[in-house]
Structures are given as C-alpha cells and as structure tokens.
Amino acid sequence: MSGPKLSFDQPNRYIGQPVPRADAQRLLMGRGRFVDDMQAPRMVHAAFLRSPVAHGRIVSLDVAAARRMPGVVAVITGADLVGVVEPYVGVLSHLAGLRSAPQMPMAVGRVRWQGEPVAMVLAQSRAEAEDAVAEIHLDLEDLPAATDMERALDPDAPVIHPEFGSNLAWTRTVNVGDVDAALKGQDITIVEREFRFGRHTGVTLEARATLVEYDPAEDQLTVLYSGQAPHMMQFIFAKHFGMLEENVRVISQDVGGSFGIKIHTYGDEIAAAAAARMLGRPVKFVADRFESFMTDIHARDHAVRGRMAVGRAGHIVALDFDDVTGIGPYSMYPRTSAIEANQVLNLTGAPYVVPNYRATSKVVFQNKTLMCQYRAVGHPIAMAICDGLLEEAAAAIGMDPVEIRRRNLMRDDSYPRTSASGMKLDDLSHQKALEKLVEMMDYARLRENQARLRQQGIHRGIGFVSMVEVTNPSPMFYGIGGAPIASQDGATVRLDAGGGVHVSSSVTEQGQGTNAILQQIVAGVLGVDIARVKVTTGDTRTTPYGGGTWASRGAGIGGEAALLAAQALKEQVLDVAAVILQTQADKLDVADGSVVDAGGGAARMTLSDLARTVYYRGNELPSDMKPELVATRHYRVTDMPFVFTNGAMAAEVEVDVETGFVRVVNFWAVEDCGRVINPRLVDEQVRGGVVQGIGGALYEECLYSEDGQLLTTTMADYLVPMAAEMPDIHVAHIETPTKTSILGAKGAGEAGTGGAPAAVMNAVNDALRPLGASIFQMPMTPARVLAALGRAGH
Amino acid sequence: MKAADFAYRRPADLAGALAILSAEEGDIAPLAGGQSLMPMMNFRIAQPTMLLDLADVAELRGVTAGPDGLRIGAMTRYVQLAADPLVTQGAPLIGLALPHIAHAAIRNRGTIGGSVALADPAAEMPALLLAMAARIELVSLSGRRVVAADDFFLGLYETARAPDELVAAIHIPADASRRRVGFYELARRHGDYAMAGVALTAGGATGQPLASPRIAFFGLSDRAVRATGAEAALKDAQPAGDTLGAAVDSLSALPINGDLHAPPDVKLKLAGVVLRRALAGM
C-alpha cells in the first residue's frame, strides 16, 4: 500500500486508545432514536396474518370482517401485491448452480413455512391491527411438509418447488489432493465423527423495525430502517417497486443490534413499503418477539459427517467431510442462503496445513423459516469440524491438543500462502497466538488442577480452537455474483468555520461503536480533539455510497476510507496554511486543532482561523487558490478476496455428570485483528462474540415439531446466554497489521462467535473422555449430555 | 404482541373488588403483580374481558404473626417477603427459595398471591406451600374459607379458587419456623423456570432422622406435586444409603411430563438429583 507513513503513537493520535464511545452517554440517557421512537403524521401500524402451517394451499382468504374492525384503514393480501412488487430471487451467479424460486413479500396461493406473511392489516394502532388480524378467515389445505433437512432429498420427500424436481438448492464439492489415497496410507489414525449444529437466530435487542413514508408528489419513498446496509436496501426497494434509486432514501439511525439479522430482504418490510405506497400514508412495522423468532433469519443447522487422518507424529494427512444444511423454502434475497455452506467449505481446516482436503455441502429446501447469514457465517461449523476432529485425533494418538496444533498450524513466517480450499492468506499469526494463549491461561497449572479435581469427582475439561475469520471482503464476496452490495466504502471529511470536523461515512453503526472509531481515526489523522469530530452514518442521501457494516468490514474498509479522507483534508489544510503563513506545507503539521510547526513546534494558527479565512475572507488568499476544506475518499480491498484474521481460544468447562449441566468456568481469547483502533471496543466485540458462541454451544436452538411448527417463540423457550452464567473472558491481542491498507485494521466482529463453540465443545469432550463419553451436537443441553453419558435422554 | 381489548377496574378496597367479581359478567382476571398475566395477555394466551387491578386493596397486603403462624397477605411482593424478618424466620423455606425465584425486577413486582392463584407448574411458590403444609385463604362476598395447599392446586393453571373468589392470604403454620428446610432446583440460567426442583421440610434436629418429611416437586408435572412415596421412604430415617435410594426410586411413580428441553426420563433423573442435593443441604 502506498501513501505517507503514519505514526500511531503520538499525542492526540487516538488510534489504539481505549477512548470511550461518544454515543454511549446519549444512549444510556435514553436519548436514542430507534425506529419505534419515531412518529409520522397520519401513520398507520402494520400487523400480519401469518401462515399457521409449514406447507399449505390457500383455499380462501376472506378479509371482509377484518376490514370492518375498529381502527382498520386497509387490509392487503399477498395477491394484492402481485403487479405492485416485482418478485425477487435469491441467487448469485458466482454460486454456480444455486437455484431458488421467485418470492413475494406475502404468500400467493401457497404458504411454505409457518410464519410466512399471508395478509397485512393497517390500522390506527398496532393493537387494533392485531385485533383485526384475528378476524381474517384463512382456509388452508394442508400439504405434506419437508421439514427434516436430512430427509429433504429422499425420493419420497415432498418437493417444495415442483419445477426443480427436488429440494436441492445448491451443492459444491472441494477436492484438493487425493483424500482416498491418503486414507489408505500406512501408519495413520483416522477419526470419524458426526456433528450436529442446531438452528440459531440473532435475537437483537431491538427487533426488526421500519417506518416507511411515501410522497406521491415527488415519487419519494423514505424508509427509516433498523438495519446495516442502507444502500443495498435502497436498491432493493427501488428495483422491486420500479422506482429510481435516488427516489428512495433509506435512513438507519440508532440500531439496537443486528448480528446479520437485519441485512436481508424480509417480506414484512417490503409489504409495509408497498402499503405506504398504496395508501399514501406512513406505515410502521415493528416485529414483536414472536415475529422475530418466527421470521428473522435463522442460521447454522448443519449435519456433518467428517473424518480426519493423522500420521504417527500427529500431522494432518487428510480431512474429509459431507455437510447438509436446510435453508427454508427459498434462498434469502439478495445475499442467498448458500453463503454459509460455502464458508464451511472454504474455512474448514484453514489454520492448518492440510495436504488432502475433500468436502461436499448440500443446501436443501425445507418448510421452515429461511436461513441466511448471521454473525460469523459458517465459522462455528468450520472450526468445530476441524478442531473437533483434531482434538479427537490427538486423543486417539495420545497427544496433547496444544502439541498437535503446534505440529499442524501454518507457520507465521510462511505467508502469503493459500489454505487447503484455496483461500489466499496473509499476515496471520497462528503460532504466536497459540503460544500467547497457552501462556495467559497457565495451561500446565490448569491441567494439574483438572487432574486433582478429577480425584474429587469434579469433571473439568479444557478445549481449544485455532481459528480464522473472514473480514474486509473485496468485491469477490457478493459484487462479483451480481449482488447490489457495495464492497467499497467512502468517507467525506469536512472542516467547518468553527474548527469542527464532520465525517460522513457509508459504513453503519448498529451498536458496536463504528461511529466512535471513525471519530478516533479522523481526529487522530487530522490532529484535532476528538470532541470536535461529528459523525454521520446510515443515510443514503447524505453519506457516500457504500456497503454498510457486515462481515467485519466497518473498521477495515470504512476506517481506511476515513483515514484517507482525513489525510486528504489535512493536505489541503497544510497547503492553505503554507500560503497564509508564507512557508512550505511540509514544514507544518496539525496538532490539537491548530496548525503547528512540524516536529512538535509552536502553534501558528487554529484550524478555525484557517477555515474562517477560507470561508469568510477568501480575498486574503491568492485568486488561484480555491480550497474546499472537504475531502472524500473511497476504499476497497484490491489485493485479496478477503483479509483473514486469526485467533486462538480456549475454554475451561465443568460438566455436572449427574445433571448434564455444563458450566463454562473460564474463557481465553487471543485475537489478531491487525491494528487495534480501540482496545476497549475490540475487547468487548470479542467478549460479546464469545458469549454468542457459548450461546450456540450450550443454550440457543430454534426447535420445531416434526410438522414444522416453531416451538421456541419466546425468550423463555429460546435460551440466550445470560450474564450470570458467563465466565470471565480474558482477551489478549497480537497485532499483525494487514498490508492491504495504511490503517492495517482487520475485522474483529465475529471471531468470538466463530471460535467459541469449538473450544467449548472440545472442553466438554475433554471432561467426558475419562468417562468414555463424547458429544458433537450443539447446543450441548443437559438432556444431550446425559444421553452422551448413557444416563438418560435416549 | 398487544393484549386484546379488555375493561380495566381498580377498586379502592376489598369490598369493591369482591363486588365487581361477583356482579360483573365475563372472564375477570384479578391483577396482582402482573409478571405472568401481562405477558400472557400480550401473547393473547390470556384474553380476559376485564382486568381487576388489586393494587389499591390494602386488606390484601401485609404480614402478621400469631400463635397459629404467619398470615401473608396475597398482595405481598417477593421483594417484601425477602426483606421481612417475620417471613424469613417464620417461613425459612421461603427465605431459602426466594433468590431462585425469577429475577430482581420480577421479584419487585411479583406477589405471593399472584403466583399461588396462577398455579404455574414450574413456579416455586406452590411447591413451597405444599412442603410447609400452608393453607390458602379465599374470600368472596359469601365469606372466607381456608383450603389446604394439598387441596388447592388441582392441575395446569387450575386451582380450587372459584371465579368469584380472591386469594386473600397465605397461612404458614407455626411449626414451619422450627422445621428443617431444604430446597434445590436446576435451572439452565439463573432465574429461569427450573427443569426440576424440590422443596422440603422435616421435623427433628439437624443430623437426626427426618420426622414427618414433606417433599414437593415443581417443574415435573402439570402442577406442584407431593412426593408421598419419598416421604414414606424417608420418614423417621436418615436420608442416606438404601433409604435415600428407595426415596429416589419412588419418584418414578410421580406423574412426570416432558417439556421442550427435557423428556420425562431426564426430568425423572433430575428429580432424583435435586432430592439428593436438597437433602444434603439439610
């Protein structure tokens, strides 16, 4: 990467400092502006009638009684939207062979999952809308449902889209080396296990929410939207309503968590926008918790049979697995529901030298809620397969799980290189991360403690994971396949007359501190007090065009754009200052909001004085000098498809063998996300991610009845991890900046979620091993642990 | 997730509340702390035609101690139970169990009478009352009657309370303050409804055989249930060895239902574990 060298450790350089988030105080004071806080004149509220069955034919749909209910303004059915909304299909061209059927916002003719919207009531209040929903008469003829993903491809399975002839949505095989030959090798040990990963969902604190206004006079659609990709949604609304993109404005102000849940096209929101256009009135839709569980995308839900062969010295000889995943009746639009399976194929084994690698994934349709990308897409599965098998192999040959990693991890000095699946890797530090982890957890002492406690009948286990995380995606992730998803992001940095600085960025804030790090970067690069920097994100009309925040790209891509823009503005400032002060720009610098003599010299003039000169008294400048004091820069990753990060994590758990309860006693995470912009925010990202990973390992699961009824529809049934059960999570960093940018930041948002499940699973199995038991199904519930122990739950 | 339409009344005293309850038509839901009823209404699982808010009914509040034991007003909140020495000394089992009942925010609002009247099979309070041989005082315009806890909890959300009655108070017998107490529950997360839990009381000094044990389980069945087989096995015995084994074995006679997270055999297994652990704590 070219460009001037930056120093990140000077005073007034905020990068790398644990700066408190500016918006934390505002949010804690209850001054947040979430969609549901917003009111619009003549606004109506939407509530949906949803399919009560997993698969059925709509025999009749009678909304007359509902229309007569108090407060009702309109009732709109799926059929009413035909011709109003162009159907959408969740396929991308780079996922060759992926197929999905056209989807409408509400069911037309057939319902294909329980919870699919069928009709929408618009009323003066949400309560009245719900009252009227109860008066809609829906007559359904039940159709046989394909609910079990492992039987969805059976010859006698009901086919959800008859035109496809089967429920197969996509399949891909990666085949590197010669697995079959390797498995016949001499002196190898083969371990084979079946893994099951339950369905999860993101459970955002703020549910999905939208408030849509339509102004027919200007053909203007304004969408307040709790989400993370405003420009993508702008495209989608425009395309599917046949509007010009500039006539759609998508605004995402405060967002109460997203985790990937709010980055997809949901029928509910499209229908709400359609209603706003049809009625000419603002329409608000806020999902309630029932609806969130039933209609937010689900994720994971993989069944994997995998095997690993290792040689006598513990070297991986071959890794081989078959994966099946059920995605619901459609591939989600526009990101598709094949990405998770694709990630599993791409990422499994990526930390290790794997000479022979073969993996197949089958993505199948089924009559359940749609699955798509949720935090750490595919990572928990990929890491659990490889590191689960690796620790089983270590046990089989009597080798310590740390030692077997030492023998297989890619060497820190071996980059750039590719993974077994062909992913380009650079600037990784698996060896350093593992050694730092072992040191920080005091591994030897933990093992001694474990042995001592075993004498007392206390079953502790220690498990590890070495992992990679996909961050800073280039156009190769979505754009190449035709998705309306920007891989580049932009930032505009402007100096105002008062000396304040405005940043406008196309990455978004959904509670993780994006705005704070943009502030840090710009203040630091420009040389101003951080309190003088204001940040605007989440508005398609006022920010540069970009992708938003997902796939851990906000800091690495949005941050780099902000850095470049701040640099460009600083160059302008110094050029102007050099003229006013009659010196050369390279003899000046900016510090604490003033132009100073370079090298820590005296203040020469404040930025406010400089800006006032430019804006008010341009007559004092040479006529050919036309400073703008605003700069925009965009950035995309060009040298790599993704910028991988790496980490090493360990869990210590205690298994109550009488009850099957698992308690995570301790957790350690060493993360290399390149340049750490704000250690406080990164640490909490890692911790939050680990907690979500522990949730996946031990608690969270969307449970269905055999006929496709979702059973976990409240927070009492779907168990999210809670603070009381969480261990201390010890976080440490290695900083190997990526060479793809000046900033050197990689993503940090998903590592914990991606790595923790494997570490916890390995720890549980380490605890169970002396008892001759093992478990490879997540979540590892008490009933499943007891079943693994042969004590109950068969 | 908005409640269906309902009427709302907030009488100033008990007479007013009972008059409404007896005179008004429809499905009247007395509102105590609202920590279960309000979510059920918002889910539209409960759709009462009228909510009868008891917040102003002073006669339903307060704890008094007498020669027969404690009288705990139905509207006494969990947070007040925990802070009241009359309760923690007169009904130490309640003091032992309270930290496990939901979360602080819920304990701030939830009431003893509300929990008893709702009779959630996974709630702790009905089991505590069974284990203490408590009695439930019901009041209506026709007068007052007192029902033993054993005769009060009839089934899933089903009690001996008639539609025109209110739970007025809980009576804890005087010997509850002297009996040994045990409590143990297994909840996936602190404050959750338990997968299995047990409350028990017994006479006799610590370390001595269990005199007249009363053992009640929750989270297993359609209501809190007495484990009479286990009580018989442990009566006048030390809870150890074969005696304890027999008590645990006797639990297979309990009417155990599975739920979303545990099939019946897991519940039975956990019931044995909680019994052993509760006894070990006595």
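Residues numbered from 1 in each chain as written. Chains lettered and ligands numbered in written order. Predicted model: local features only at pLDDT ≥ 70, side-chain atom pairs only at ≥ 80, totals over all residues. Heavy atoms only, no water.

### Things to note about the overall build of chain A
Moving on, step 1. Check the secondary structure of chain A and you find 18 helices and 29 strands.
Moving on, step 2. Relative to its length of 794 residues, chain A is compact, with a C-alpha radius of gyration of 27 Å against a globular reference of 28 Å.
Moving on, step 3. By its C-alpha atoms, chain A is 85 × 70 × 45 Å across when sized along the principal axes.
Moving on, step 4. Across the 794 residues that make up chain A, the buried fraction comes to 65%.
Moving on, step 5. Intrachain contacts of chain A at a sequence separation of at least 6 include 79% that bridge at least 24 residues.
Moving on, step 6. Total accessible area on chain A is roughly 27100 Å²; 50% of this is exposed by carbon and sulfur atoms. (Helix = DSSP H or I, 4+ residues; strand = E, 2+ residues; numbered from the N terminus. Rg over C-alpha atoms; globule rule 2.2 N^0.38 Å. Buried < 20%, exposed > 50% of the residue type's maximum accessible area, 1.4 Å probe, protein only. Contact = heavy atoms within 4.5 Å. Areas by Shrake-Rupley, 256 points an atom, 1.4 Å probe, with all protein chains shown as cover.)

### Some points on the side chain of E725 of chain A
Moving on, step 1. By secondary structure assignment, the location of E725 of chain A is in the loop between α16 (679–699) and β28 (728–733).
Moving on, step 2. One buried charge, E725 of chain A, has no salt-bridge partner; the nearest side chain with opposite charge is R189 of chain B, at 5.7 Å.
Moving on, step 3. Within the structure, the side chain of E725 of chain A is placed 2.8 Å from the backbone nitrogen of H190 of chain B, a separation counted as a polar contact.
Moving on, step 4. Dropping the residues within four chain positions of it, E725 of chain A is found in contact with V664 and Y699 of chain A together with R188, R189 and H190 of chain B. (Lys, Arg positive; Asp, Glu negative; His and termini not counted. Salt bridge = Lys/Arg side-chain N within 4 Å of Asp/Glu carboxyl O. Polar contact = N/O pair within 3.5 Å; in protein donor to acceptor, adjacent residues only side chain to side chain.)

### Points about the domain arrangement of chain A
Residue and element names in this part refer to chain A.
Moving on, step 1. Domain annotation of chain A identifies domain 1 (22–32 + 488–635), domain 2 (35–143 + 205–258 + 262–295) and domain 3 (378–386 + 396–475 + 640–788).
Moving on, step 2. Just the C-alpha atoms count here: the centres of domain 2 and domain 3 sit 37 Å apart.
Moving on, step 3. Taken together, the contact between domain 2 and domain 3 spans eight residues of the former and nine residues of the latter.
Moving on, step 4. Buried surface at the junction of domain 2 and domain 3, summed over both partners, amounts to about 730 Å²; 62% is from carbon and sulfur atoms.
Moving on, step 5. Three residues stand out in domain 2 for area buried against domain 3, namely Q114, F290 and F293, and they jointly supply 68% of the buried area on that side.
Moving on, step 6. Taken together, domain 2 and domain 3 are joined by zero salt bridges.
Moving on, step 7. In this assembly, domain 2 and domain 3 are joined by three residue pairs in polar contact (both at pLDDT 80 or more).
Moving on, step 8. Tallied by class, residues from the side of domain 2 that touches domain 3 come to six nonpolar, one polar and one charged. (Domains from an automatic or database assignment. Buried area = accessible area lost by both parts, 1.4 Å probe. Nonpolar A, V, L, I, M, F, W, Y, C, P; charged D, E, K, R; others polar.)

### Re the packing of aromatic side chains
Residue and element names in this part refer to chain A.
Moving on, step 1. Under the criterion given, the structure shown has 17 aromatic pairs over all chains.
Moving on, step 2. Arranged with centres 5.2 Å apart and planes meeting at 80 degrees, the rings of F48 and F285 form a pair that is edge-to-face. Residue F48 is located in strand β1 (residues 44–50), and its partner F285 is located in strand β12 (residues 283–286); the two are separated by 237 residues in the primary sequence. The two residues F48 and F285 agree in class, both being buried.
Moving on, step 3. On the numbers, 6.2 Å between centres and 50 degrees between planes, the contact of F477 with W550 is tilted. One end of the pair, F477, is in the loop between β18 (459–471) and β19 (489–495); the other, W550, is in the loop between β21 (533–537) and α14 (554–580), and 73 residues separate them in sequence. Summarising the burial analysis for this pair, F477 and W550 share the class buried.
Moving on, step 4. Ring-pair connections join several aromatic residues into one group, and the members of that group are F477, Y478, W550, F642 and F644. (Phe/Tyr/Trp six-rings, centres within 6.5 Å; stacked < 30°, edge-to-face > 60°.)

### A few points about the nonpolar core
Residue and element names in this part refer to chain A.
Moving on, step 1. Counting 161 residues, the largest nonpolar core has F237, M308, F667 and V760 as the members making the most contacts within it.
Moving on, step 2. Of the residues that make up this core, three or more belong to each of domain 2 (35–143 + 205–258 + 262–295) and domain 3 (378–386 + 396–475 + 640–788).
Moving on, step 3. Setting aside residues no more than four positions away along its own chain, F667 makes contact with M649, A650, A651, V690, P727, D728, I729, H730, A756, A759 and V760. (Core = buried A, V, L, I, M, F, W, Y, C linked by side-chain atoms within 4.5 Å.)

### Points about the environment of H240 of chain A
All names here are of chain A.
Moving on, step 1. Within the fold, H240 resides in helix α5 (residues 230–241).
Moving on, step 2. A C-alpha to C-alpha distance of 21 Å links H240 and C372, two positions 132 residues apart in sequence.
Moving on, step 3. At 2.7 Å, the side chain of H240 forms a polar contact with the backbone oxygen of E86.

### Quick notes on empty space enclosed by the protein
Residues and elements named next belong to chain A.
Moving on, step 1. If you walk through the whole model with that rule in mind, you get seven cavities of 30 Å³ or more.
Moving on, step 2. Here the largest cavity is characterised by a volume of approximately 160 Å³.
Moving on, step 3. Residue lining of the largest cavity: 19 residues in total, with Q103, W113, P117, Y266 and G267 positioned closest to the centre.
Moving on, step 4. For the lining of the largest cavity, the per-class residue count stands at ten nonpolar, five polar and four charged. (1 Å grid on protein atoms, 1.4 Å probe; cavity = no way out; pocket = protein on both sides within 12 Å on 5 of 7 lines; lining within 4 Å. Points joined across faces, edges and corners; volume = space filled by probe spheres on them.)

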